[in-house]
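Given next are the chains, with one letter for each unit.
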Amino acid sequence: MAFAALLLQACSSGPKPEDTATEFLKAYFSTDYAKAAEFCTPELGKDLTDAVKELESLSPEVKELMKRHTRNYTPQIGLVEGSKESDTVIVSYTIVNLPQADSISTGGEAVIEKQLSLVKVEEGWRVAALNNNR
């Protein structure tokens, strides 16, 4: 009986999709796109890397403005849709924009609702698609 409980615990202690989503969003909103790509499928990781190359051509002032703006975003994981035993889940999240340090904000707290699609791979969960509207 103890062996069965240990086996069940070992099987259920693997990475959770919401953990991958949280780490991805932390990296993404801190503009660490190389780290964010590590949490993606190879296809999405390549798309993200290609987009970063385009961002590198922006002026230093614009890049700093983007970093300052996204620093005010706080992503919060919500509902996980789909069985964790399946190969694909949808993770809903909200982005809370704290405007006090944002010089281009119109004031007030903004909440944006988005979703990520995650797929199960051998290493755990990977983000396959982002910014799907709810």
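Our subject is the structure that appears above.
Now for a description of the structure that goes with this document.

Conventions used here
- Residues numbered from 1 in each chain as written.
- Predicted model: local features only at pLDDT ≥ 70, side-chain atom pairs only at ≥ 80, totals over all residues.
- Heavy atoms only, no water.
- Helix = DSSP H or I, 4+ residues; strand = E, 2+ residues; numbered from the N terminus.
- Buried < 20%, exposed > 50% of the residue type's maximum accessible area, 1.4 Å probe, protein only.
- Contact = heavy atoms within 4.5 Å.
- Areas by Shrake-Rupley, 256 points an atom, 1.4 Å probe, with all protein chains shown as cover.
- Salt bridge = Lys/Arg side-chain N within 4 Å of Asp/Glu carboxyl O.
- Polar contact = N/O pair within 3.5 Å; in protein donor to acceptor, adjacent residues only side chain to side chain.

Examining the overall build of the protein chain
Helices and strands together make up the secondary structure of the protein chain, namely five helices and four strands. Helices (α) and strands (β) of the protein chain occur, in sequence order from the N terminus, as α-α-α-α-α-β-β-β-β. Counting every position in the protein chain, which comprises 134 residues, the buried fraction comes to 30%. Residue pairs at least 24 apart in sequence account for 46% of intrachain contacts in the protein chain once pairs closer than 6 positions are excluded. Accessible surface for the protein chain amounts to roughly 8,500 Å². Of this, 56% is attributable to carbon and sulfur atoms.

Some thoughts on the pattern of salt bridges
One pass over the full model with this rule turns up three salt bridges. The salt bridge partner of E23 is K26, with a shortest N-O separation of 3.4 Å. Here K26 and E23 lie together in helix α2 (residues 17-29), a separation of three residues that amounts to about one turn. A salt bridge links E56 to K63; its shortest N-O distance comes to 3.6 Å. The class of K63 is partly exposed, set by a relative accessible area of 26%.

What about the side chain of S92?
For S92, the position within the fold is in strand β2 (residues 88-97). A relative accessible area of 3% places S92 in the buried class. A distance of 3.5 Å separates the side chain of S92 from the side chain of Q115, its partner in a polar contact.

The analysis is restricted to geometry; functional conclusions fall outside its scope.
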